[in-house]
Amino acid sequence: MNLALAPVLGIFLLAAIGLVALLVSRARATPADVTWLAGTRDVTPDEQTVYADHLTRHRTSRLWWGGVGLAVALAASLTLNGGTFTVGTNAIGPAGDILFCLVTGIAVGALLAENYRLRRPTGPASASLAPRAALPAAGTRLAARVVAGVALALGLVDILVAPGARPALLTVVVLVPWLLCELVLRAVRERPRPALSPRAEHVDTRLRMFAAVTVSRLELAAAMSAALWLVDLDESWHLDEDVQGIVALVGFGLLIAAIVVLWHAAPRSRGRRPLLPQDAPQPLVDGRTA
């Protein structure tokens, strides 16, 4: 490490930690957030506590681990990339990609937040055997899997064209965030449901839907980030200049799309949009809608 960069690195890391701490301090769920998550204002005090705690836990976990990913990208850029910060592909690998590290950190945070709820209580337990409703955002998950599959195919072709450890390792590493999202969604699908009152089952269903919607969007952003790296094809492909221009344009489109999808994957309402399309806008006191 260049000692001259040490003070700069410290300043950037402190700034990243301070930003995350500021966002975490505002992560506490509000009554409007609870209404968005519940899909209705008909919420009991106990249900409100469950919704608020769950939403706050997800926000806090994703923010902290996203901050860890951001700090890794900043540190790698300062120490290995001459202080050049990049969003997308670069010369030092995914560790220097702010988007990739941010998505990876948020995916880890989502996995830990959801697994927190999966801890089984001691003693006798009961679960509902009633058929489960299909998780929402199936189209988003399908798109994510298609993009991830295309990215994997590009990686395999790159390995065949230019055999070596680097393309193989790159292909595996850039798909890790997508795999983490798949693990979160699997945990959500397979988690036992409480065999309690209909209202308790409804709360559990809303929490599942919340996880399915937000993590599916995160999964799509992760798949686009992986495709962005693997579409940056090796020079051994000997592509024409026109084709290289098209590839660069596709890569830029993937970058912009990944950033937009990641923004909408946040565990909060964007522009007062309902969590699910069938959620009716909730009236406010002055007659407007939320």
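A. Quick look at the nonpolar core. In this structure, Val174, Leu218 and Leu262 are the most contacted members of the largest nonpolar core, which totals 47 residues. Those elements that place two or more of their residues in this core are α3 (45-80), α4 (98-117), α5 (138-161), α6 (165-174), α7 (176-190), α8 (198-230) and α9 (241-264). In terms of residue count, α8 provides more of this core than any other element does, 14 residues in total. Apart from the residues lying within four places of it in its own chain, the contact partners of Leu218 are Val103, Ile106, Ala107, Ala110, Cys181, Leu262 and Ala265. The next biggest cluster of nonpolar side chains, apart from the first, holds 15 residues, and it includes Trp36, Val203, Leu207 and Phe210.

B. Representation of α9. The terminal C-alpha atoms of α9, which comprises 24 residues, lie 35 Å apart, in line with the 34 Å expected from a rise of 1.5 Å per residue. Those residues of α9 that fall on the buried side of the exposure criterion are Val247, Gly251, Leu254, Leu255, Ala258, Val261 and Leu262.

C. Expanded view of the confidence of the model for the chain. Here the chain averages 81 in pLDDT, while 76% of its residues score no lower than 70. Mean pLDDT across the elements of the chain ranges from a minimum in helix α1 (residues 6-25), with 60, to a maximum in α5, with 92. Residue range residues 1-6 is modelled with pLDDT below 50. Its contacts to residues more than four positions away, or to other chains, number 5 contacts. Across residues 284-290, where pLDDT falls below 50, the model places 15 contacts with residues more than four positions away in sequence or in other chains.

Cut-offs and rules
- Note that residues are indexed from 1 along each chain, following the sequence as it is written.
- Where local features are concerned, this predicted model is filtered to residues with pLDDT of at least 70; where side-chain atom pairs are given and counted, the filter is 80 or more; whole-chain, interface and lining totals use all residues.
- Water and hydrogen atoms play no part in the side-chain values, which are based on all heavy atoms of the structure.
- Residues belong to a common nonpolar core when they are buried Ala, Val, Leu, Ile, Met, Phe, Trp, Tyr or Cys residues joined through side-chain atoms within 4.5 Å.
- Exposed residues in this analysis have more than 50% of their type's maximum accessible area, buried residues have under 20%, and partly exposed residues fall in between, with area computed by a 1.4 Å probe over protein chains only.
- The helix count covers DSSP runs of H or I at least four residues long, the strand count covers runs of E at least two residues long, and both are numbered beginning at the N terminus.
- Whether two residues touch is decided by their heavy atoms; if any such pair falls within 4.5 Å, the residues are in contact.
- A helix is expected to span 1.5 Å for every residue after the first.
- Per-residue confidence from the predictor is reported as pLDDT, which spans 0 to 100.

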